[in-house]
2 protein chains.
Amino acid sequence: MNQKSKDVFKVYPIGYVRNTGERFYIELDKKVIPAMKQLEHFSHLQMLCWFHEQDNKEGRQMLKDIPPYKGAPETGVFASRSPARPNPISLGTVVMVHVDTKIGVIDLAYTDAHDGTPVIDLKPYMPICDRARKVRMPEWLSHWPEWIPEGDFDPEEYGFIMEEY
Amino acid sequence: MNQKSKDVFKVYPIGYVRNTGERFYIELDKKVIPAMKQLEHFSHLQMLCWFHEQDNKEGRQMLKDIPPYKGAPETGVFASRSPARPNPISLGTVVMVHVDTKIGVIDLAYTDAHDGTPVIDLKPYMPICDRARKVRMPEWLSHWPEWIPEGDFDPEEYGFIMEEY
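The structure displayed is predicted, hence computed values, not measured ones. (Residues numbered from 1 in each chain as written. Chains lettered and ligands numbered in written order. Predicted model: local features only at pLDDT ≥ 70, side-chain atom pairs only at ≥ 80, totals over all residues.)

Once that is clear, we can look at the overall build of chain A. In terms of helices and strands, chain A carries two helices and nine strands. Dimensions of chain A, computed from the C-alpha atoms along their principal axes, are close to 50 × 45 × 35 Å. When burial is assessed residue by residue, chain A has 38% of its 165 residues classed as buried. Residue pairs in contact within chain A that sit at least 24 positions apart in sequence constitute 70% of those at least 6 positions apart. (Helix = DSSP H or I, 4+ residues; strand = E, 2+ residues; numbered from the N terminus. Buried ≥ 20, exposed ≤ 12 C-beta atoms within 10 Å, placed from the backbone. Contact = placed C-beta atoms within 7 Å.)

All names here are of chain A. Ordered by their spatial adjacency, six strands build a closed barrel running β2-β3-β8-β7-β4-β9, and the pairing between neighbours is antiparallel. Each neighbouring strand pair of the sheet contributes to a mean axis angle of 45 degrees, computed without reference to strand direction. Pairing geometry for strand β7 (residues 89–100) and strand β8 (residues 105–108), over four bridges, is antiparallel. Within β8, the position partnered with Val-99 by the bridge is Ile-106. (Pairing = 2+ DSSP bridges. Axes fitted to C-alpha atoms, helices over the stretch in contact; angles between N-to-C directions.)

Looking now at the sheet that holds strand β9 (residues 118–124) of chain B. Taken in spatial order, the six strands of this closed barrel run β2-β3-β8-β7-β4-β9 (chain B), and their pairing is antiparallel. If you compare each strand with its neighbour and ignore which way they point, the axes differ by 45 degrees on average.

It is worth spelling out unusual backbone geometry at this point. All names here are of chain A. Even without being a glycine, Gln-38 presents a positive backbone phi close to 80 degrees. Within the secondary structure, Gln-38 sits in the loop between β3 (24–28) and β4 (44–50). According to the C-beta neighbour criterion, Gln-38 is buried, with 21 such atoms within 10 Å.

What follows deals with the relation of the copies chain B and chain A. With an RMSD of 0.0 Å, the fit of chain B onto chain A corresponds to turning through 180 degrees and sliding 0.0 Å along the axis. Expressed as a symmetry operation, the mapping of one chain copy onto the other fits a two-fold axis. The residues that chain B uses at the interface reappear at the interface of chain A in 100% of cases, marking a shared surface. (Least-squares fit on C-alpha atoms with pLDDT ≥ 70 in both.)

All names here are of chain B. Inspection of the secondary structure assignment puts His-98 in strand β7 (residues 89–100). His-98 sits in the exposed class, given 10 other C-beta atoms within 10 Å. Between the C-alpha atom of His-98 and that of Trp-144, which follows or precedes it by 46 residues, the distance is 29 Å.

Here the focus is the confidence of the model for chain A. For chain A, per-residue confidence averages 93 on the pLDDT scale, and residues scoring 70 or more make up 95% of the total. In the model output, the complex is listed with pTM 0.94 alongside ipTM 0.94. (pLDDT = per-residue confidence, 0-100.)

The subject of this paragraph is the interface of chain B and chain A. Listed as interface residues are 74 residues of chain B and, on the opposing side, 74 residues of chain A. For the side of chain B that touches chain A, the secondary-structure elements that each account for two or more residues are β1 (9–11), β2 (15–19), β4 (44–50), β6 (75–76), β7, β9 and α2 (127–130) of chain B. Counting residues per element, the side of chain B that touches chain A draws most heavily on β9(B), which supplies six residues. Of the residues in the side of chain B that touches chain A, the class split is 42 nonpolar, twelve polar and 20 charged. (Nonpolar A, V, L, I, M, F, W, Y, C, P; charged D, E, K, R; others polar.)

Within the element layout of this structure, Arg81(A) appears in the loop between β6 (75–76) and β7. Sequence separation of Arg81(A) and Asp55(A) is 26 residues, and the distance between their C-alpha atoms is 15 Å.

This next bit is on the environment of His52(A). All names here are of chain A. Tracing the backbone through its elements, the reader meets His-52 in the loop between β4 and α1 (57–61). Take His-52: there are 19 C-beta atoms within 10 Å of it, and that puts it in the partly exposed class. In sequence terms His-52 and Gly-116 are 64 residues apart; their C-alpha atoms lie 9.1 Å from each other. Ignoring any residue separated from it by four or fewer positions in sequence, one finds His-52 in contact with Thr-117 and Pro-118.

A few words on the pairing of β4(B). All names here are of chain B. The buried fraction of β4 amounts to seven of the seven residues, a majority that puts the element mostly inside the structure. What you see with β4 is no split at all: His-44, Gln-46, Leu-48 and Trp-50 on one side and Leu-45, Met-47 and Cys-49 on the other are buried throughout. As judged from the seven bridges shared by β4 and β7, these two strands associate in the antiparallel manner. In the strand pairing of β7, Trp-50 is matched with Ile-89. Looking at chain direction, β4 and β9 are connected through five bridges and run antiparallel. What sits directly across from Leu-45, in β9, is Pro-124.

Listed below in C-alpha coordinates is the structure:
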(Lines give C-alpha, C1' and ligand atoms only; values in the text may rest on other atoms or scores of the structure.)
Protein backbone atom coordinates (compact mmCIF):
# COMPACT_ATOMS: atom_id res chain seq x y z
CA MET A 1 0.00 0.00 0.00
CA ASN A 2 1.23 3.46 -0.92
CA GLN A 3 4.84 4.51 -0.67
CA LYS A 4 5.83 2.08 2.02
CA SER A 5 4.77 -1.14 0.35
CA LYS A 6 8.36 -2.29 -0.21
CA ASP A 7 9.26 -2.21 3.47
CA VAL A 8 10.82 -5.39 4.73
CA PHE A 9 11.82 -5.99 8.33
CA LYS A 10 14.46 -8.39 9.57
CA VAL A 11 13.65 -10.75 12.41
CA TYR A 12 16.30 -12.88 14.09
CA PRO A 13 15.76 -15.87 16.37
CA ILE A 14 16.36 -15.10 20.04
CA GLY A 15 16.35 -18.85 20.77
CA TYR A 16 14.62 -22.09 19.93
CA VAL A 17 11.83 -24.23 21.31
CA ARG A 18 12.92 -27.62 22.58
CA ASN A 19 10.18 -30.21 22.71
CA THR A 20 11.03 -33.79 23.62
CA GLY A 21 7.38 -34.79 23.97
CA GLU A 22 7.92 -34.84 27.75
CA ARG A 23 9.95 -31.74 28.44
CA PHE A 24 9.13 -28.39 26.86
CA TYR A 25 11.59 -25.52 27.09
CA ILE A 26 13.01 -22.44 25.45
CA GLU A 27 16.75 -22.38 24.91
CA LEU A 28 17.72 -18.74 24.55
CA ASP A 29 20.70 -17.39 22.69
CA LYS A 30 23.38 -16.70 25.32
CA LYS A 31 23.65 -13.11 24.05
CA VAL A 32 20.10 -12.24 25.14
CA ILE A 33 20.27 -13.70 28.67
CA PRO A 34 20.31 -10.19 30.25
CA ALA A 35 16.81 -9.66 28.77
CA MET A 36 15.48 -12.38 31.15
CA LYS A 37 16.01 -10.25 34.25
CA GLN A 38 12.91 -10.32 36.57
CA LEU A 39 11.21 -12.95 34.43
CA GLU A 40 10.92 -15.29 37.42
CA HIS A 41 8.34 -12.93 38.98
CA PHE A 42 5.81 -13.72 36.24
CA SER A 43 3.86 -16.94 35.73
CA HIS A 44 3.00 -16.71 32.04
CA LEU A 45 4.68 -15.57 28.85
CA GLN A 46 3.40 -14.41 25.51
CA MET A 47 5.69 -16.47 23.28
CA LEU A 48 6.11 -15.37 19.68
CA CYS A 49 7.64 -17.90 17.33
CA TRP A 50 8.34 -18.17 13.64
CA PHE A 51 6.33 -20.92 11.95
CA HIS A 52 9.42 -21.89 9.96
CA GLU A 53 7.64 -24.83 8.36
CA GLN A 54 5.21 -22.38 6.72
CA ASP A 55 7.86 -19.89 5.62
CA ASN A 56 7.52 -20.64 1.94
CA LYS A 57 5.67 -19.14 -1.00
CA GLU A 58 2.61 -21.37 -0.65
CA GLY A 59 2.25 -20.80 3.10
CA ARG A 60 2.74 -17.06 2.86
CA GLN A 61 0.21 -16.69 0.07
CA MET A 62 -2.47 -18.58 2.00
CA LEU A 63 -5.19 -16.03 2.78
CA LYS A 64 -8.19 -18.28 3.49
CA ASP A 65 -8.74 -21.80 4.74
CA ILE A 66 -11.32 -23.98 6.47
CA PRO A 67 -10.25 -24.24 10.13
CA PRO A 68 -10.25 -27.73 11.69
CA TYR A 69 -13.32 -27.06 13.86
CA LYS A 70 -16.66 -28.75 13.36
CA GLY A 71 -19.01 -26.39 11.52
CA ALA A 72 -16.35 -23.80 10.69
CA PRO A 73 -16.81 -22.00 7.38
CA GLU A 74 -14.08 -20.79 5.06
CA THR A 75 -12.19 -18.23 7.14
CA GLY A 76 -9.55 -15.63 6.40
CA VAL A 77 -6.23 -16.25 8.12
CA PHE A 78 -6.55 -12.95 10.06
CA ALA A 79 -9.74 -14.43 11.56
CA SER A 80 -8.05 -17.74 12.44
CA ARG A 81 -4.95 -19.00 14.19
CA SER A 82 -3.73 -20.73 11.01
CA PRO A 83 0.06 -21.21 10.92
CA ALA A 84 0.00 -20.38 7.19
CA ARG A 85 -0.34 -16.59 6.85
CA PRO A 86 1.52 -13.72 5.17
CA ASN A 87 3.97 -13.39 8.08
CA PRO A 88 4.09 -16.83 9.71
CA ILE A 89 4.27 -15.61 13.31
CA SER A 90 2.74 -17.70 16.09
CA LEU A 91 1.46 -16.32 19.37
CA GLY A 92 0.98 -18.59 22.34
CA THR A 93 0.47 -18.04 26.05
CA VAL A 94 2.72 -20.43 27.96
CA VAL A 95 3.20 -21.20 31.65
CA MET A 96 6.76 -20.98 32.95
CA VAL A 97 7.70 -23.70 35.42
CA HIS A 98 11.38 -22.80 35.83
CA VAL A 99 13.60 -19.93 34.73
CA ASP A 100 17.36 -20.45 34.67
CA THR A 101 19.06 -17.13 33.97
CA LYS A 102 22.52 -18.69 34.16
CA ILE A 103 22.14 -20.84 31.07
CA GLY A 104 19.21 -19.07 29.39
CA VAL A 105 16.66 -21.85 29.71
CA ILE A 106 12.94 -21.43 30.44
CA ASP A 107 11.04 -24.62 31.21
CA LEU A 108 7.38 -24.53 30.18
CA ALA A 109 4.40 -26.52 31.39
CA TYR A 110 3.58 -27.27 27.77
CA THR A 111 3.77 -25.98 24.24
CA ASP A 112 2.57 -27.50 20.99
CA ALA A 113 5.39 -25.74 19.12
CA HIS A 114 7.59 -28.26 17.37
CA ASP A 115 11.16 -28.94 18.44
CA GLY A 116 13.50 -26.46 16.74
CA THR A 117 10.90 -23.74 16.22
CA PRO A 118 12.61 -20.34 16.29
CA VAL A 119 11.49 -18.05 19.11
CA ILE A 120 11.39 -14.40 18.04
CA ASP A 121 10.08 -12.55 21.11
CA LEU A 122 8.95 -13.06 24.70
CA LYS A 123 6.70 -10.74 26.68
CA PRO A 124 5.31 -11.12 30.19
CA TYR A 125 1.58 -11.92 30.31
CA MET A 126 -0.09 -8.95 32.00
CA PRO A 127 -3.86 -8.95 32.58
CA ILE A 128 -4.06 -5.20 31.91
CA CYS A 129 -2.68 -5.83 28.43
CA ASP A 130 -3.80 -9.35 27.62
CA ARG A 131 -6.97 -10.38 29.47
CA ALA A 132 -10.07 -9.18 27.64
CA ARG A 133 -13.40 -9.42 29.48
CA LYS A 134 -16.33 -9.05 27.05
CA VAL A 135 -15.30 -11.15 24.09
CA ARG A 136 -17.54 -11.98 21.15
CA MET A 137 -16.85 -15.07 19.08
CA PRO A 138 -18.49 -16.60 16.00
CA GLU A 139 -21.28 -19.07 16.63
CA TRP A 140 -19.19 -22.08 15.60
CA LEU A 141 -16.62 -21.30 18.33
CA SER A 142 -18.94 -19.99 21.03
CA HIS A 143 -18.96 -23.26 23.04
CA TRP A 144 -15.17 -23.31 23.45
CA PRO A 145 -13.69 -22.78 26.96
CA GLU A 146 -13.66 -19.30 28.47
CA TRP A 147 -10.07 -19.67 29.69
CA ILE A 148 -6.83 -21.27 28.58
CA PRO A 149 -7.18 -24.89 29.78
CA GLU A 150 -5.06 -25.56 32.87
CA GLY A 151 -5.21 -29.33 33.12
CA ASP A 152 -6.27 -32.22 30.94
CA PHE A 153 -8.15 -30.97 27.94
CA ASP A 154 -9.51 -32.89 24.99
CA PRO A 155 -10.05 -30.51 22.07
CA GLU A 156 -11.93 -33.21 20.16
CA GLU A 157 -14.74 -32.87 22.72
CA TYR A 158 -15.17 -29.32 21.42
CA GLY A 159 -15.28 -30.33 17.78
CA PHE A 160 -11.59 -29.92 16.95
CA ILE A 161 -10.84 -32.24 14.02
CA MET A 162 -7.43 -33.65 14.92
CA GLU A 163 -6.68 -35.34 11.60
CA GLU A 164 -6.99 -32.04 9.75
CA TYR A 165 -4.58 -30.28 12.09
CA MET B 1 22.90 -20.28 19.11
CA ASN B 2 24.37 -23.34 17.47
CA GLN B 3 24.11 -24.00 13.76
CA LYS B 4 21.03 -21.87 13.20
CA SER B 5 22.23 -18.59 14.66
CA LYS B 6 22.46 -16.88 11.28
CA ASP B 7 18.80 -17.38 10.45
CA VAL B 8 17.00 -14.23 9.41
CA PHE B 9 13.31 -14.04 8.62
CA LYS B 10 11.61 -11.50 6.39
CA VAL B 11 8.52 -9.72 7.64
CA TYR B 12 6.40 -7.51 5.39
CA PRO B 13 3.75 -5.00 6.43
CA ILE B 14 0.20 -6.22 5.83
CA GLY B 15 -1.03 -2.67 6.41
CA TYR B 16 -0.58 0.40 8.58
CA VAL B 17 -2.12 1.88 11.69
CA ARG B 18 -3.89 5.18 11.15
CA ASN B 19 -4.23 7.29 14.25
CA THR B 20 -5.69 10.78 13.95
CA GLY B 21 -5.99 11.19 17.72
CA GLU B 22 -9.75 10.77 17.31
CA ARG B 23 -10.11 7.91 14.88
CA PHE B 24 -8.03 4.76 15.15
CA TYR B 25 -7.98 2.27 12.31
CA ILE B 26 -6.01 -0.30 10.40
CA GLU B 27 -5.66 0.25 6.67
CA LEU B 28 -4.84 -3.12 5.16
CA ASP B 29 -2.96 -3.74 1.95
CA LYS B 30 -5.59 -4.45 -0.71
CA LYS B 31 -3.84 -7.72 -1.56
CA VAL B 32 -4.63 -9.25 1.87
CA ILE B 33 -8.33 -8.32 2.02
CA PRO B 34 -9.39 -11.97 1.51
CA ALA B 35 -7.66 -12.78 4.84
CA MET B 36 -10.33 -10.66 6.64
CA LYS B 37 -13.13 -13.12 5.89
CA GLN B 38 -15.28 -13.84 9.03
CA LEU B 39 -13.44 -11.18 11.05
CA GLU B 40 -16.71 -9.37 11.76
CA HIS B 41 -17.79 -12.27 14.01
CA PHE B 42 -15.06 -11.46 16.54
CA SER B 43 -14.91 -8.50 18.94
CA HIS B 44 -11.18 -8.32 19.65
CA LEU B 45 -7.96 -8.72 17.71
CA GLN B 46 -4.42 -9.53 18.71
CA MET B 47 -2.64 -6.88 16.67
CA LEU B 48 1.06 -7.36 15.99
CA CYS B 49 2.95 -4.32 14.77
CA TRP B 50 6.53 -3.41 14.02
CA PHE B 51 7.91 -0.76 16.36
CA HIS B 52 9.57 0.93 13.38
CA GLU B 53 10.83 3.79 15.52
CA GLN B 54 12.95 1.30 17.52
CA ASP B 55 14.23 -0.60 14.49
CA ASN B 56 17.79 0.63 14.83
CA LYS B 57 21.00 -0.66 16.35
CA GLU B 58 20.49 1.03 19.71
CA GLY B 59 16.89 -0.14 20.12
CA ARG B 60 17.62 -3.70 19.05
CA GLN B 61 20.57 -3.99 21.41
CA MET B 62 18.53 -2.82 24.41
CA LEU B 63 18.26 -5.82 26.74
CA LYS B 64 17.41 -4.14 30.06
CA ASP B 65 15.70 -0.96 31.16
CA ILE B 66 13.81 0.56 34.07
CA PRO B 67 10.09 0.44 33.15
CA PRO B 68 8.04 3.61 33.70
CA TYR B 69 6.17 2.21 36.72
CA LYS B 70 6.58 3.47 40.26
CA GLY B 71 8.84 1.08 42.18
CA ALA B 72 9.90 -0.94 39.13
CA PRO B 73 13.46 -2.28 39.24
CA GLU B 74 15.79 -2.75 36.29
CA THR B 75 13.99 -5.29 34.11
CA GLY B 76 14.96 -7.35 31.11
CA VAL B 77 13.00 -6.54 27.96
CA PHE B 78 11.57 -10.09 27.85
CA ALA B 79 10.05 -9.33 31.26
CA SER B 80 8.61 -5.99 30.11
CA ARG B 81 6.56 -4.57 27.27
CA SER B 82 9.37 -2.22 26.23
CA PRO B 83 9.21 -1.20 22.56
CA ALA B 84 13.01 -1.48 22.39
CA ARG B 85 13.90 -5.18 22.14
CA PRO B 86 15.88 -7.48 19.82
CA ASN B 87 12.91 -7.87 17.45
CA PRO B 88 10.81 -4.73 17.89
CA ILE B 89 7.42 -6.43 17.64
CA SER B 90 4.45 -5.02 19.54
CA LEU B 91 1.47 -7.05 20.71
CA GLY B 92 -1.76 -5.32 21.61
CA THR B 93 -5.33 -6.48 22.15
CA VAL B 94 -7.67 -4.11 20.34
CA VAL B 95 -11.45 -3.83 20.09
CA MET B 96 -12.89 -3.73 16.58
CA VAL B 97 -15.75 -1.30 16.12
CA HIS B 98 -16.23 -1.72 12.38
CA VAL B 99 -14.87 -4.05 9.73
CA ASP B 100 -15.06 -3.00 6.07
CA THR B 101 -13.99 -5.91 3.90
CA LYS B 102 -14.60 -3.92 0.71
CA ILE B 103 -11.81 -1.41 1.30
CA GLY B 104 -9.75 -3.31 3.89
CA VAL B 105 -10.32 -0.99 6.83
CA ILE B 106 -10.80 -2.05 10.46
CA ASP B 107 -11.90 0.69 12.85
CA LEU B 108 -10.68 0.24 16.41
CA ALA B 109 -12.02 1.60 19.68
CA TYR B 110 -8.49 2.72 20.51
CA THR B 111 -4.82 2.02 20.00
CA ASP B 112 -1.77 3.81 21.33
CA ALA B 113 0.17 2.76 18.22
CA HIS B 114 1.43 5.81 16.36
CA ASP B 115 0.10 6.83 12.97
CA GLY B 116 2.00 4.98 10.25
CA THR B 117 3.05 2.02 12.39
CA PRO B 118 3.36 -1.06 10.19
CA VAL B 119 0.96 -3.89 11.04
CA ILE B 120 2.54 -7.32 10.56
CA ASP B 121 -0.15 -9.76 11.69
CA LEU B 122 -3.72 -9.97 12.99
CA LYS B 123 -5.23 -12.84 14.92
CA PRO B 124 -8.68 -13.20 16.47
CA TYR B 125 -8.72 -12.96 20.27
CA MET B 126 -9.89 -16.34 21.53
CA PRO B 127 -10.29 -16.97 25.29
CA ILE B 128 -9.09 -20.57 24.91
CA CYS B 129 -5.79 -19.24 23.52
CA ASP B 130 -5.44 -15.83 25.14
CA ARG B 131 -7.24 -15.54 28.47
CA ALA B 132 -5.11 -16.90 31.31
CA ARG B 133 -6.77 -17.39 34.69
CA LYS B 134 -4.15 -17.82 37.46
CA VAL B 135 -1.58 -15.18 36.65
CA ARG B 136 1.32 -14.26 38.91
CA MET B 137 2.89 -10.82 38.62
CA PRO B 138 5.79 -9.10 40.37
CA GLU B 139 4.97 -7.18 43.52
CA TRP B 140 5.45 -3.78 41.85
CA LEU B 141 2.74 -4.57 39.28
CA SER B 142 0.37 -6.58 41.47
CA HIS B 143 -2.06 -3.68 42.04
CA TRP B 144 -2.69 -3.17 38.31
CA PRO B 145 -6.15 -3.99 36.86
CA GLU B 146 -7.17 -7.62 36.38
CA TRP B 147 -8.60 -6.92 32.92
CA ILE B 148 -7.90 -4.73 29.92
CA PRO B 149 -9.59 -1.42 30.83
CA GLU B 150 -12.84 -0.92 28.93
CA GLY B 151 -13.63 2.72 29.64
CA ASP B 152 -11.82 5.71 31.04
CA PHE B 153 -8.59 4.67 32.62
CA ASP B 154 -5.88 6.80 34.15
CA PRO B 155 -2.62 4.83 34.24
CA GLU B 156 -1.03 7.49 36.44
CA GLU B 157 -3.35 6.37 39.24
CA TYR B 158 -1.54 3.03 39.11
CA GLY B 159 1.94 4.54 39.26
CA PHE B 160 2.61 4.80 35.53
CA ILE B 161 5.11 7.61 35.03
CA MET B 162 3.86 9.35 31.90
CA GLU B 163 6.83 11.61 31.32
CA GLU B 164 9.17 8.61 31.06
CA TYR B 165 7.00 6.90 28.49
